[in-house]
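# Commentary on secondary and tertiary structure
Spelled out, the chains give:
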Amino acid sequence: MISGKKNALGIALLMLLMAVTGVIVLRGQPLSLLGAALKQLQPQYILLALGFMFAYVSCEALCTKQILGRLGHAAPFGRCLGYSFVGFYVSSITPSATGGQPAQIYYMSRDQIPAAHGALNMMLIAACYQIATLLWGGAVWFFVPGLSGQMRGGLAVLLLYGGSIMIALTAGMAMVMFLPHAARKICGGVLRLLAKLRIIKNPQKAWEKLELQLAEYAKGAQCIKKNPGLTLRVLALCLVQLGMLFSVPWAVYLAFGQSGYTWAQVAGTQALVTLAVCNLPLPGAVGPAEGSFVSAFQFIFGAALVTPAMLVSRGISFYTFLLLSAGVAVAVHLRTSREIRERTLREMTANSEKRRVKAVKRYLNTRSGPEGMVL
């Protein structure tokens, strides 16, 4: 099972944020009225929302399967789905939207997929996901009537922050991949400044890590240049993936028997909320995500239903799949551990002493995961 100090702290922080958010959101909300609102739910639309979320995770698995296939690894869809659930779980309990990527790379390596190929896979998916998020946000802002005017006050500030960070991250990633010399100079200057300010204690070690990252991004650029069709397919899948996520509130809207607003208006509102909160350094953006939902969706659900709608929507899109992904992460860990033991035993009984030594070394390497994942 995945454990460790960082993950334990992440879970503790997540639980604290959930408790504080629950107190704030439910304050002044009579439980009798909340219960009466939830009784209106039509179960077929709740199943539809769950289906949207399963499709959301499956889209990333399809991306992984296609990329790994191009790199020469015939990874079954079921295994790729397991990697995606692991990523969802670890990202949800760490203060970073990309916190699950090292965990996915780790479990790919346990399935004998080189870490370099796993890192390239996650890098390409991350780049396409960021671009898809910006495309969704831009399309909604400019082409869905009436939504931009609803983004006021604190929500407007969050949206400006989220959009600016996403643009900066995407531009930075593009520079590192396609303008490596300029990126190296800029990164080196930032590193020297941090060293002078004594924020970085070991600049030499930091520079070595940076060089490794730059080399990985260079490989990513080569992969994109050689496989433009693959990149476009992954981008298309990321657009569909986000469409599935943004459709969850639409299914909840139908579950409450509401009508009057279109799918584009409901899903578009969720797209802007996601863009606003996705880069906040909080596990699962818990707190701001709920508050932003209530603020943004009040004109759609109305004051009486917006809090119950938020509870159902976030309950499906985050909390239910957090529990499900935790169970899948445990199953993936147990499966890979069993297969590693079996593989090691087969190789240790081989006639070649060199193969036996390699098998033991490989087994010992798989016992230590990425930082924060002590097994």
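From a predicted model like this one, the values you see are computed outputs, not experimental measurements.

So, on to empty space enclosed by the protein. Any empty space left between the atoms is revealed when a probe the size of a water molecule rolls over them. One pass over the structure, following the stated rule, counts 2 cavities of 30 Å³ or more. What the largest cavity holds in volume is close to 40 Å³. In terms of lining residues, the largest cavity is bounded by Leu120, Met123, Leu124, Met177, Gly220, Cys223 and Ile224. Residue assignment for the lining of the largest cavity shows that the elements contributing at least two residues are helix H6 (115-143) and helix H9 (203-226). Taken together, the residues that form the lining of the largest cavity break down as 6 nonpolar, 1 polar and no charged.

What follows deals with the confidence of the model for the chain. In regions of low pLDDT, the predicted coordinates are not meant to be interpreted in detail. Here the chain shows a mean pLDDT of 86. Residues at 70 or above account for 89%. Of all secondary-structure elements in the chain, the lowest mean pLDDT belongs to helix H15 (residues 353-365), at 59, while helix H11 (residues 248-255) reaches the highest, 97. Here residues 371-375 is modelled with pLDDT under 50, and outside its nearest four sequence neighbours on either side it reaches 21 contacts, counting other chains as well.

This part takes up the packing of aromatic side chains. Two aromatic rings, taken as a pair, are described by how far apart their centres are and by the angle between their planes. In total, this model carries 13 aromatic pairs according to the counting rule given. Their ring planes at 70° and their centres at 6.2 Å tell us that Trp136 and Trp263 sit as a pair that is edge-to-face. Pair noted here: Trp136 is in helix H6 and Trp263 is in helix H12 (residues 263-277), with a separation of 127 residues, a long-range link. A residue is classified by how much of its surface remains accessible, and Trp136, at 17% relative accessible area, is buried. The class of Trp263 is partly exposed, set by a relative accessible area of 36%. Measuring from ring centre to ring centre gives 4.8 Å for Phe318 and Tyr319, while their planes differ by 85°; the resulting arrangement is edge-to-face. Each member of the pair Phe318 and Tyr319 is classed as buried. Clustering of aromatic rings is evident, with ring pairs tying together Trp250, Tyr253, Tyr261, Phe293, Phe297, Phe299 and Phe301.

Turning our eyes to something else, we now look at the nonpolar core. Met53, Val234, Phe256, Phe297 and Phe301 are the most contacted members of the largest nonpolar core, which has 101 residues in total. Looking at this core element by element, the count peaks at 11 residues for helix H14 (residues 306-348). Not counting residues up to four positions away in its chain, the partners in contact with Met53 are Phe88, Leu245, Val248, Ile316, Ser317 and Phe321.

Turning our attention to the pattern of salt bridges. Should their charged atoms come close, side chains of opposite charge can pair. Per the counting criterion, the structure on display carries 6 salt bridges. Glu290 is the salt-bridge partner of Arg314, the closest N and O atoms lying 3.0 Å from each other. You can see Arg314 sitting in helix H14 and its partner Glu290 sitting in helix H13 (residues 288-301), a full 24 residues away along the chain. Residue Glu290 is classed as buried on the basis of its relative accessible area of 2%. Its salt-bridge partner being Arg335, residue Glu339 comes within 3.0 Å of it at the nearest N-O pair. With Glu339 and Arg335 both in helix H14 and 4 residues apart, the pair spans about one turn of that helix. For the pair Glu339 and Arg335, a shared accessibility class is recorded, and that class is buried. The network of salt bridges with common partners includes Arg79, Asp111, Arg335 and Glu339.

What follows deals with H13. Between its first and last C-alpha, H13 extends 19 Å over 14 residues, near the 20 Å set by a 1.5 Å rise per residue. Its maximal kink placed at Ser295, H13 deviates by approximately 35°. Of all the positions in H13, only Ala289, Glu290, Ser292, Phe293, Val294, Ala296, Phe297, Ile300 and Phe301 are classed as buried. A positive phi of about 85° marks Gly302, the residue just after H13.

Here is what the cut-offs are and how they apply
Residues numbered from 1 in each chain as written. Predicted model: local features only at pLDDT ≥ 70, side-chain atom pairs only at ≥ 80, totals over all residues. Heavy atoms only, no water. 1 Å grid on protein atoms, 1.4 Å probe; cavity = no way out; pocket = protein on both sides within 12 Å on 5 of 7 lines; lining within 4 Å. Points joined across faces, edges and corners; volume = space filled by probe spheres on them. Helix = DSSP H or I, 4+ residues; strand = E, 2+ residues; numbered from the N terminus. Nonpolar A, V, L, I, M, F, W, Y, C, P; charged D, E, K, R; others polar. pLDDT = per-residue confidence, 0-100. Contact = heavy atoms within 4.5 Å. Phe/Tyr/Trp six-rings, centres within 6.5 Å; stacked < 30°, edge-to-face > 60°. Buried < 20%, exposed > 50% of the residue type's maximum accessible area, 1.4 Å probe, protein only. Core = buried A, V, L, I, M, F, W, Y, C linked by side-chain atoms within 4.5 Å. Salt bridge = Lys/Arg side-chain N within 4 Å of Asp/Glu carboxyl O. Expected span 1.5 Å × (residues − 1). Bend = angle between axes of the 7 residues up to and from the residue.

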